[in-house]
Amino acid sequence: MIFASRRALSICIAIALCVLLQAGIRSFSDYVHTLIMLAGLYVTLAVSLNLINGITGQFSIGHAAFYQVGAYTAGVLAAKVHPAVSQLIWYVPLAMILSAVAAAIAGFVVGLPSLRLKGDYLAIVTMGFGQIISIIARNQEALGKAYGISVNPKQQMIWLVWLLAVICIAVSRNLLKNVHGLTFLAVREDEVASSAMGVNVTRVKVTAFVLGSAFAGAAGALFAHGVGFVSPDAFAMDVSFIILTMVVLGGTGSITGSTIAAVLLFYIPEKMRDLTSMKVGMLLSIVIALVFVVAVVKRVLDHYHGTLLKKAGIIVGSILVGLAIISVLKKPLSSVPALGTIVEGSKMRMVVFAVTLVILMLLRPQGMFAQHEFSWRWLQSLLQRFKRKKVGVPA
Amino acid sequence: MRVFDKNNIRHLALAVVSAALLVGCNGGDSKTDETGNGGGGKSSATAGRKAPTAAPIDAQGPTIKIGLVASVTGDNKPWGDDSKEGAQLAVDEFNAAGGMDGKKIEMVLGDSASKPEQAKTAAEKLMSDGCIALVGEVSSGNTIQMAKAAFDKGIAVVAVGATRTDLTDEGSHVFRVCYTDAFQGPVMAKFLFDKLNKKTVAIMTDNHLPYSQGLSKSFKETFEKLGGKVVAEKAYESGGTQAPNYSGQLTEIKSANPDAMFCSGYFTEVGPMAQQARQAGIKAVLLGGDGWDSDKLLTSGGDAILGSFFCNHYNNADNRPQVTDFLKKWKAVPAHNGKNPDTTMGALGYDAMALTLDALKRAGKANSKAIIDALEATEKYPGVSGDITLKGMNGNPPKRAIVVSVTAKGPDGSWQKFAKDYTPDQIK
Amino acid sequence: MDPRTLPQQIVNGVLLGTIYALIALGYTMVYGVLKLINFAHGEVFMLGAYGALFTSWMLGFGPEGTRTQSSPVVLLLMLLGAMTVCGLAAVIIERFGYRPLRNSPRIASLITAIGLSLLLQYGGQIFILNGSPQTIKAEANPYRGEIPISLRAGDKVALADAEKLQPGIEIARAAFVEQLKHEKSEFDLSPKGEAIKKVRDDLEQTYTDKVNKANEKAVNVLLPKGGLLMLGATLVIMACLWFLVKHTRKGRAMRAVSHDFQASSLMGVNVDSIVTFTFILGSVLAGAGAMMYATFLPGTKIDTFFGMAPGLKAFTAAVLGGIGNIPGAVLGGLLMGVAENLVVWAGYDNYRDAIAFVILIVVLLFRPGGILGSSKVEKV
């Protein structure tokens, strides 16, 4: 009974949060609206790719292609239907479902042949598929060629975006908890063994791939309607790479990780818009400090086996030393005429993003959450431990 | 009694979801744009453009903020950088002249990384920072995103180099300082047919660029209407997946024996293409649009590009006072090392920002709606790239286009030779 | 689909394919040893192009340089420059980007590769010449021009007939030049000038028409000298590589590591040094490819995104040939190049890249290991 009520609670809370989110952010600016919408879409994309790459252990690097299929389906649909229909309230959810179906079909067509094979072939096939889709979009008059097409109505349904994300998370999580899901994990751990145990490996892989593609397609439809315009450039290969990075950085296989990494990685480049300009000398001192800190922290994480507290102490210490290095070096380095040129903050956005990626990967290759998940039980045990300490009951 | 058995849960969940859908629908309509305009672009020529309905915004704080969205990173960096430098020049000049009622102008830069999606978030960020007008983007694909975002807020968008024709249909808040593809394509077609007496042409289009596709299309239409023949149409892709090797396409063009070849892409691709064309034995005269304008064309095109013609907004060798003034100011900026702008976007960026500031001055108050009205009322604004009139023009100023030929670099650094100018009336 | 252009298209394809092959070798060797798709390889290629560019500047072919005579030594130095830069970049990337992640999941290194490639692309835009596109001057290449080969000559009689118009054209041209002295502008003529121009243009038009008609059946192939040099150099490089891998101790160690990483380390192979060596080797080849590409395809734009397109294609080529297989990479590269040009030949230039990928997918369906790759049966 506790289990059941917990689940109901989770569902209710999630839905309530989605609705509240929409109602709560009205007062914020369009910028924040768009950010929240895009963050939600990236969560869906990352979690759905996690279903393919993390949970089933495949290697797809062209997820943006299905995102694009969904977006363009919604775009073409919007151009075809009568304006009166597209103004109806249920139109966007309906378009979302149709786009999901379209993307699922694409996923099936791409996945079936390549998933029969072992090795990294899915990677190259999905990447190729992404290119093919982009090129088709760039050449078809009906798809607006390189310019793109307007999608009406332009409607930022933030509640729907986040509801989709929640559904995506729920589906992934429930998969892990039931028998069908266990076959997915089995395929990830050992294809040969699982097929010997009677698992239809190809079917499991294709199912996961189609499911992931469908969610990406649904996200694409919401993107198209949220922005009101789709163009091939919005789905370039680096979008695929960023989604992939979110999955790996969160911890391949961890839904919680994917979700958090999606929000984080989406937020970092946006936050970097406020970077201040600085001299090259200053930049150099930061780089030196960064290299030092990363080297120390990497060493501590890999080779030092002291207590957690000591580890943390050393890390904090090294960060302090890093700050000291910056403050010592920045004056003399900035005064060197050759290093005196100013680098504009806005141009360093992508660089900072790239550096963050590399550093995070070096320091924690298994991803932020590795394969752990957030759950009520975990929260409960945490609370209980806390309570016990407080009341003083011996464990 | 078990209230929460499995079936009950399912029903409950269903009920909650449907309830949420209803609630969401009723509560979630805060941002609906009911009258989106199609991308087809045939609508608004006579009917007038749809006007934004958002409440006007006044400038807050000690400075007046104007936003600039520019591709200062990514594929379009050479153009984005120039547009930024030009706009900065205009702002500095305006501030040096006393600013607006004692208030200085602050230009806030938003990087679009040459990507449409980021152009949108950049524009929204700038608006949430309190910018009362937006200047920007050198490419049409990015500008449309800005226009969509700015429509909801009723903030003016002054495009720098977005020549896509139907762009300004987005709403009455969109203006531009350049001419459109529907103008420069026909200019080159007419020049080729009438002045160079060439009757067959091959067209090379960069499929990566909306700009190139639009230009090729309008060129082809006019050239065929005049009685010329397009003997080959080939495409390539800049950036992305295609290696900059055009020998395949050029071999096919060679076998079609055109008298001329129209390359509607950017100079970065046209240069090597010209050399490869000569290598493939194509002797046809080459023509192109304003995307050619950079003296890097000479290094990348070598001898092969000399004697070609392209359409430009203005000419550095022009002796109009605006041009000489602008170039003098540009060269005086220390970071420019006494060189002319690399691309036309320097002058257009300057024009776009200067025009916006001029509109601000004419409006008399730092208010978003007032700026739109003042921009719409612009008549014969003397820009570097020519006189700009926006009154009753749906945001598309009728401007003069000049055709220049590419010559070897002279001692003063000039390399464009004026050939012929066209006014919009001559094209109609 | 003009049969007359087919020979030329195949030549174009082979020349393009050589570049793909050179880059594909780097991908394939690193994959063979580490099972890592080195996404930063395209950026190494890009750095190599910059290396060649800067070397050419130092040798007097800079933007302000006035040197116009080049020699093979210049080319050799540029090649060395590019190779050195690539080798250094490879050492740094391998040591600090990949080695710390050797024992982590494979995908972690992949993300580092993506991160590094973003870093090089966008960081380069700030620090390398402010990111503005550059080109190596055509003058730096002493082997310019083409060698024409006529497979089937045109109608000689008709050609000679057309040549008879030449003197007339010369006269008309001279007359027009004379007339221009009295005109304001070449494109704004007086009626008299207009008339002379018309005569000249008509004559020229007749001449071209006649020549085109005479050449209607001619089949010519143009072999660019630079391209031939590139092909020759590539073949030499590949022969050296083949020797190195098959007949030296280092090569044997490489093959051992690629066959079984752990077992070879137990057998006394210094795995770290072999991996570094492989990286350097692959990158040096990419450097050679970059230098030749940027020099022999005149005017090629060098910017920080330069490596993306060839890198992607080369990777595809490596898979096509059988990833991890050295002759396979060469074959895959050549096939890719030829296939692309044949697609253009068939008139689908819009879909040039799309079809290249379709071919890849189809080939993989029938030969999952690639054309020359082994489809090993996995033992349990």
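Everything numeric in this text was worked out from a predicted model, so none of it was measured. (Residues numbered from 1 in each chain as written. Chains lettered and ligands numbered in written order. Predicted model: local features only at pLDDT ≥ 70, side-chain atom pairs only at ≥ 80, totals over all residues.)

## Concerning the pairing of strand β8 (residues 229–236) of chain B
The condition is simple: A strand pair is defined by DSSP finding two or more bridges across the two strands. Only runs of H or I of at least four residues qualify as helices and only runs of E of at least two qualify as strands under DSSP, and these elements are numbered from the N terminus.
Judged from the seven bridges that link them, strand β7 (residues 200–206) of chain B and β8 of chain B form a sheet pairing that is parallel. Its bridge partner being in β8 of chain B, Ile203 of chain B is matched across the sheet by Glu233 of chain B.

## Structural notes on the interface of chain C and chain A
Under the convention used in this document: We call two residues in contact when the distance between their C-beta atoms, placed using the backbone, is within 7 Å. Residue type decides the class: Asp, Glu, Lys and Arg count as charged, Ala, Val, Leu, Ile, Met, Phe, Trp, Tyr, Cys and Pro as nonpolar, and the leftover types, Gly among them, as polar.
Taken residue by residue, the interface counts 33 residues in chain C and 33 residues in chain A. If you list the elements that add at least two residues to the side of chain C that touches chain A, you get α4 (106–127), α12 (308–321) and α14 (352–366) of chain C. With 12 residues, the single largest contributor to the side of chain C that touches chain A is α4 of chain C. Grouping the amino acids of the side of chain C that touches chain A by side-chain chemistry returns 24 nonpolar, seven polar and two charged.

## A closer look at the sheet that holds strand β4 (residues 133–136) of chain B
All names here are of chain B. Defined as follows: Helix axes are fitted only over the stretch in contact, all axes being lines through C-alpha atoms; the angle between N-to-C directions runs from 0 to 180 degrees.
Ordered by their spatial adjacency, five strands build an open sheet running β3-β2-β4-β5-β6, and the pairing between neighbours is parallel. Of all the strands in the sheet, just β3 (104–111) and β6 (174–176) have a single pairing partner and so form its edges. Averaged over neighbouring strand pairs, the angle between their axes works out to 25° when direction is ignored. Note that strand β5 (residues 156–159) and β6 share three bridges and pair parallel. Bridge pairing in β6 links Val158 to Phe175. Together, β2 (63–70), β3, β4 and β5 form the strand contacts of helix α12 (residues 345–363), whose direction differs from that of β4 by roughly 160°.

## Some thoughts on the environment of Phe310 of chain B
Residues and elements named next belong to chain B. The residue Phe310 is located in strand β11 (residues 309–312) in this model. For the pair Phe310 and Gly86, spaced 224 residues apart in sequence, the C-alpha separation works out to 22 Å. Discounting chain neighbours no more than four positions away, the residues touching Phe310 are Leu287, Gly288, Gly289, Trp292 and Val404.

## Some thoughts on the environment of Met291 of chain C
Residues and elements named next belong to chain C. How we decide: To sort residues by exposure, count the other C-beta atoms lying within 10 Å of each residue's C-beta; 20 or more gives buried, 12 or fewer gives exposed, and values between give partly exposed, all with C-beta atoms placed from the backbone.
By secondary structure assignment, the location of Met291 is in helix α11 (residues 271–296). Residue Met291 is classed as buried on the basis of its C-beta count, with 29 C-beta atoms lying within 10 Å. The spacing of Met291 and Ile92 is 199 residues in sequence and 20 Å in space, taken between C-alpha atoms. The contacts of Met291, once residues within four sequence positions are left out, are Gly48, Ala52, Met78, Leu79 and Ala82.

## Let's talk about the confidence of the model for chain B
Detailed reading of the predicted model is not advised wherever pLDDT is low. All names here are of chain B. Short version of the rule: The quantity known as pLDDT measures the predictor's confidence residue by residue, on a range of 0 to 100.
Across chain B, the average pLDDT comes to 84, with 89% of residues at 70 or higher. Of all the helices and strands in chain B, strand β1 (residues 32–33) carries the lowest mean pLDDT, 40, while strand β9 (residues 260–263) carries the highest, 95. Throughout residues 1–9 the model reports pLDDT below 50, and contacts reaching past four residues in sequence, or to other chains, amount to 11 contacts. Note that residues 11–47 has pLDDT below 50 and, in this model, 57 contacts with residues that lie over four places away or in other chains. Scored by ipTM, the complex comes to 0.88, with pTM at 0.87.

## Concerning the pairing of β9 of chain B
Residue and element names in this part refer to chain B. Covered by surrounding structure in β9 are Ala260 and Phe262 together with Met261 and Cys263, the residues of both alternating faces. In the sheet, β7 pairs with β9 via four bridges, with the strands oriented parallel. Of the residues in β9, the one forming a bridge with Ala202 is Met261. Pairing analysis gives four bridges linking β9 to strand β10 (residues 285–288), with the strands arranged parallel.

## As for helix α2 (residues 30–55) of chain A
Residue and element names in this part refer to chain A. Worth spelling out the cut-off: Helix span, as expected, comes to 1.5 Å for every residue beyond the first. To obtain the bend at a residue, axes are fitted to the seven residues ending there and to the seven starting there, and the angle between these axes is taken.
With 26 residues, α2 should cover 38 Å at 1.5 Å per step; its first-to-last C-alpha distance of 36 Å lies within 8% of that length. The largest bend along α2 measures about 30° and falls at Leu49. Burial analysis of α2 places 24 of its 26 residues in the buried class, which makes it a mostly covered element. Of the residues one or two after α2, Gly57 is the one with positive phi, at around 75°.

## Observations concerning the sheet that holds β10 of chain B
Residues and elements named next belong to chain B. Sheet architecture is open: seven strands sit in the order β8-β7-β9-β10-β11-β14-β15, paired in mixed fashion. Of all the strands in the sheet, the pair left with one neighbour each is β8 and β15 (416–422). With direction set aside, neighbouring strand axes in the sheet form an average angle of 25°. Two elements, β10 and β11, share two bridges in a ladder whose sense is parallel. Bridged to Gly288 within β11 is Phe310.

## A look at the packing of helix α5 (residues 156–163) of chain C against helix α7 (residues 191–214) of chain C
Residues and elements named next belong to chain C. Selection rule: Roughly parallel here means an angle under 35 degrees, roughly antiparallel means over 145, roughly perpendicular means 65 to 115, and every remaining angle is called oblique.
It is at 8 Å that the axes of α5 and α7 come closest, and there the two elements cross at 170°. Classified by the angle between their axes, α5 and α7 sit roughly antiparallel to one another. Residues Ala158, Leu159, Asp161 and Ala162 of α5 pack against Tyr207, Lys210, Val211, Lys213 and Ala214 of α7. By residue class, the composition of the contact of α5 with α7 is six nonpolar, no polar and three charged.

## Quick notes on the packing of helix α2 (residues 41–61) of chain C against α12 of chain C
Residues and elements named next belong to chain C. Using the following cut-off: Two helices cross in a left-handed way if the nearer one is turned anticlockwise from the farther one by less than a right angle. They cross in a right-handed way if the turn is clockwise.
Where α2 meets α12, the axes come as close as 8 Å, and the angle between the chain directions of the two elements is 135°. The angle between α2 and α12 places the two elements in the oblique class. The handedness of the crossing between α2 and α12 is right-handed. Contact with α2, carried on its side by His41, Gly42 and Phe45, involves Met308, Pro310, Gly311 and Leu312 of α12 and no other residues of that element. Partitioned by chemical class, the residues of the contact of α2 with α12 number four nonpolar, three polar and no charged.

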